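Letter by letter, the chains look like this.
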Amino acid sequence: GLLENRLKSMSSKNINNAAAIVIDNKTHEILAWVSVGSKCKKTDNQASGCKIDMVTVPRQPGSALKPFLYGAAMEKGWTAATIIDDSPYSDSVGKGIHHFHNYSNTYYGKVTLRTALGNSLNIPALHAINYLTPEKYLSILQTIGFKSLTHSADFYDEGLALGNGEVSLFELAQAYSAFANRGIFEPLKITFYRDAPSEKKRIYSDEIASLIGNILSDPWARNLEFGRSSVLNFPTQTAVKTGTSTDYRDAWAMGYNHRYTVGIWMGNTDYTPTDGITGSLGPALALRAIFNELTRNSETAPLYLSPKLVAKDVCIKPEDTERTNPDCARHTEYFVPEGGEEKKSIVAPANDKINIFRPANGLEMAIDPRIPLEKQAFEMRLSGALETDEVEWIIDNKKHDRTTGTKFLWPTEKGKHYVEAIVWRGGKILLKTEKHLFNVK
């Protein structure tokens, strides 16, 4: 079928397996469940991986998880016009430092949330999970059916924003169908008992869920990384998101329109890397072909957009405002109305645990020999605290002046150090964090 033909067209790219699932958004039934391999013959399925159902095998989703992160960030207070800094970013991972970058190795500076999600930028996603906290984000993902994410938030850490946990195609498509159903999660029907009761849960508000669909179906929102003539721009309004895992081992394309949700995975069952196959290069064309078949000779409709959303003109360039540039170029953005009725959402419960997020306890880091030591600094950061909190950082028993916010720039010094922090809220001491040890070589 369509999947096998797509695999055959990429035979020179070391990619042998694919899977797809199709869901009816109205009935929540599974219409198609397919797992194929280019080396698997109908008469002989003894080839490696032929008996593995890749719809159910957990794999790294890469950026395919990002819509759930931004949806939760908007539930907490961000908007589609929130400005996020897309600049070079590094952080402690285990006992080392990891430098993060976007897929294209390009940084765009200050961008809106719409641009960050549409272009699947990595750095803004890291800022989003720090705003939300990894604990809260993991709780949301588990609530929306990602049972494969069995480790603690400390295990995944902020890498969860970039899809470092493993999930199945089944779980991913089931979760995307919640966006298609106005933010309500309902387990997929995988039995013949159509009337069997199912537990429905509201994960995202009606407004936020429809806004995610609006962003993922906006060709202009993805223009920076995918171009104006992207294969993701479907004839009928369709929310589309791709994902690619480390070393091109997994390529994903997820999409939903007014009636169907479709998910596709491509890769190799033995985890060998493909030859540069990304979500937008491999499965996206198959996704497009499947939606063409689903909508052929049938009535189409746009994606639902909540009538409660308020449309406002905003400046395209984030640095522009009415005062700095009265003639700024404008575009229309949608906002959840202020002072409206309370959102009925079960997004993860608040996590009040405040601790030192950076440096990680036991961090080993090295100075950059190319830069004079007096010009090097390390950004320390708290998790769980508010940006309005005041923090008194204590490093090697030396108290630094109280600052507002969760970050502190420390002039780097060689040697073994320890850090702790006292958090103030409302003029009173809220808590003192645990002590973290770290070493600068």
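Peer 1: Explain the sheet that holds strand β1 (residues 17-24) here, please?
Peer 2: Sheet strands associate in pairs through backbone hydrogen bonding, adopting either a parallel or an antiparallel arrangement. Strand order across the open sheet formed by 5 strands is β2-β1-β11-β10-β9, with antiparallel pairing between neighbours. Looking along the sheet, the strands with just one partner apiece sit at the ends: β2 (29-37) and β9 (239-244). Here the average twist between neighbouring strands, direction ignored, is 10°. Sheet topology places β1 next to β2; 8 bridges connect them, and they run antiparallel.

Peer 1: Mind showing me how you'd approach the sheet that holds strand β14 (residues 355-358) here?
Peer 2: In spatial order, the strands read β14-β16-β20; together these 3 strands make up an open sheet with antiparallel pairing. The open sheet has two edge strands with one neighbour each: β14 and β20 (407-411). Taken over all neighbouring pairs, the strand axes of this sheet differ in orientation by 35° on average, direction set aside.

Peer 1: Any chance you could explain the confidence of the model for the protein chain here in plain terms?
Peer 2: Do not read the predicted coordinates in detail wherever pLDDT is low. Scored by pLDDT, the protein chain comes out at a mean of 87, with 87% of its residues at no less than 70. This stretch, residues 93-97, has a pLDDT under 50; its non-local contacts, to residues over four places away or in other chains, come to 16 contacts. Every residue in residues 340-351 is under pLDDT 50, and counting partners more than four places away or in other chains gives 25 contacts.

Peer 1: I'm lost on the side chain of N439 in this one. Help?
Peer 2: In this structure, N439 sits in strand β23 (residues 436-440). Engagement of the side chain of N439 in a polar contact is seen with the side chain of E364, the distance being 3.2 Å. What N439 contacts, discounting residues up to four positions off in sequence, is L363, E364, M365, G415 and K416.

Peer 1: What's the story with the environment of I23 in this structure? I'm lost.
Peer 2: Structurally, the position occupied by I23 is in strand β1. Distance from I23 to K189, taken between C-alpha atoms, is 9.5 Å for residues 166 residues apart in sequence.

Peer 1: How should the packing of helix α2 (residues 66-76) against helix α8 (residues 206-216) be read in this particular structure?
Peer 2: In the contact formed by α2 and α8, the axes pass within 10 Å of each other and the chain directions differ by 135°. Taken as axis vectors, α2 and α8 run oblique relative to one another. In this structure, α2 meets α8 at a crossing whose hand is right-handed. Residues P67, Y70, G71, M74 and E75 of α2 form the contact with α8, whose own contacting residues are I208, L211, I212 and L216. Of the residues contributing to the contact of α2 with α8, the split by class is 7 nonpolar, 1 polar and 1 charged.

Peer 1: What is the right way to read the packing of aromatic side chains from this model?
Peer 2: Any two aromatic rings considered together are summarised by their centre-to-centre distance and by the angle between their planes. Across all of its chains, the model carries 11 aromatic pairs by this definition. Judged by centre distance (6.3 Å) and plane angle (75°), the ring pair of Y176 and F179 falls under edge-to-face. With Y176 and F179 both in helix α7 (residues 169-180) and 3 residues apart, the pair spans about one turn of that helix. Each member of the pair, Y176 as well as F179, is classed as buried. Taken together, a centroid distance of 5.8 Å and an interplanar angle of 15° make the contact between W393 and F408 stacked. In this pair, W393 sits in strand β17 (residues 390-395) while F408 sits in strand β20, placing the two residues 15 residues apart along the sequence. For W393, a relative accessible area of 0% gives the class buried. An aromatic cluster of three or more residues is present, and its members are F68, F146, Y176, F179 and Y204. For the cation-ring pair, R182 lies above Y304, with the distance from its terminal atom to the ring centre recorded as 3.6 Å. If you follow R402 out to its NZ or CZ, it ends over the ring of W424, 3.5 Å from the centre.

Peer 1: What should I look at first to understand the pattern of salt bridges in this one?
Peer 2: Think of it this way: side chains of opposite charge can pair up when their charged atoms draw near. Counting across every chain of the model gives 13 salt bridges. Note that E379 and R381 form a salt bridge whose closest N and O atoms lie 3.3 Å from each other. With its nearest N and O atoms 3.3 Å apart, the salt bridge here joins E390 to R402. Taken together, the residues E390 in strand β17 and R402 in the loop between β18 (398-399) and β19 (403-404) connect sequence positions 12 residues apart.

Peer 1: When you look at the packing of α2 against helix α4 (residues 122-132) in this model, what are you seeing that I'm missing?
Peer 2: Angle between the axes and distance between the axes are the two parameters that describe a pair of packed helices. The geometry of α2 relative to α4 is characterised by a closest axis approach of 10 Å and an angle of 45° between their N-to-C directions. Judged by the inter-axis angle, α2 sits oblique to α4. The handedness of the crossing between α2 and α4 comes out as left-handed. Between α2 and α4, the residues in contact are K66, L69, Y70, A72, A73 and K76 and N122, P124, A125, A128, I129, Y131 and L132, respectively.

Peer 1: Whenever I open this one, the pairing of strand β21 (residues 415-425) confuses me. Can you help?
Peer 2: Strand residues, when the strand is regular, have side chains that alternate between the two faces of the sheet. For β21, the tally of buried residues reaches 8 of 11 residues, placing the bulk of the element in the interior. In terms of strand pairing, β17 meets β21 through 6 bridges, oriented antiparallel. Residue E390 lies in a different strand from β21, and its bridge partner there is W424. Strand direction decides the pairing type here: β21 and β23, joined by 5 bridges, are antiparallel. Across the sheet, Y418 pairs through a bridge with L437, a residue of β23.

So, how was this worked out
- Residues numbered from 1 in each chain as written.
- Predicted model: local features only at pLDDT ≥ 70, side-chain atom pairs only at ≥ 80, totals over all residues.
- Heavy atoms only, no water.
- Pairing = 2+ DSSP bridges.
- Helix = DSSP H or I, 4+ residues; strand = E, 2+ residues; numbered from the N terminus.
- Axes fitted to C-alpha atoms, helices over the stretch in contact; angles between N-to-C directions.
- pLDDT = per-residue confidence, 0-100.
- Contact = heavy atoms within 4.5 Å.
- Polar contact = N/O pair within 3.5 Å; in protein donor to acceptor, adjacent residues only side chain to side chain.
- Parallel < 35°, antiparallel > 145°, perpendicular 65-115°, else oblique.
- Left-handed = near helix turned anticlockwise from the far one by under 90°.
- Nonpolar A, V, L, I, M, F, W, Y, C, P; charged D, E, K, R; others polar.
- Phe/Tyr/Trp six-rings, centres within 6.5 Å; stacked < 30°, edge-to-face > 60°.
- Buried < 20%, exposed > 50% of the residue type's maximum accessible area, 1.4 Å probe, protein only.
- Lys NZ or Arg CZ within 6 Å of the ring centre and 35° of its normal.
- Salt bridge = Lys/Arg side-chain N within 4 Å of Asp/Glu carboxyl O.

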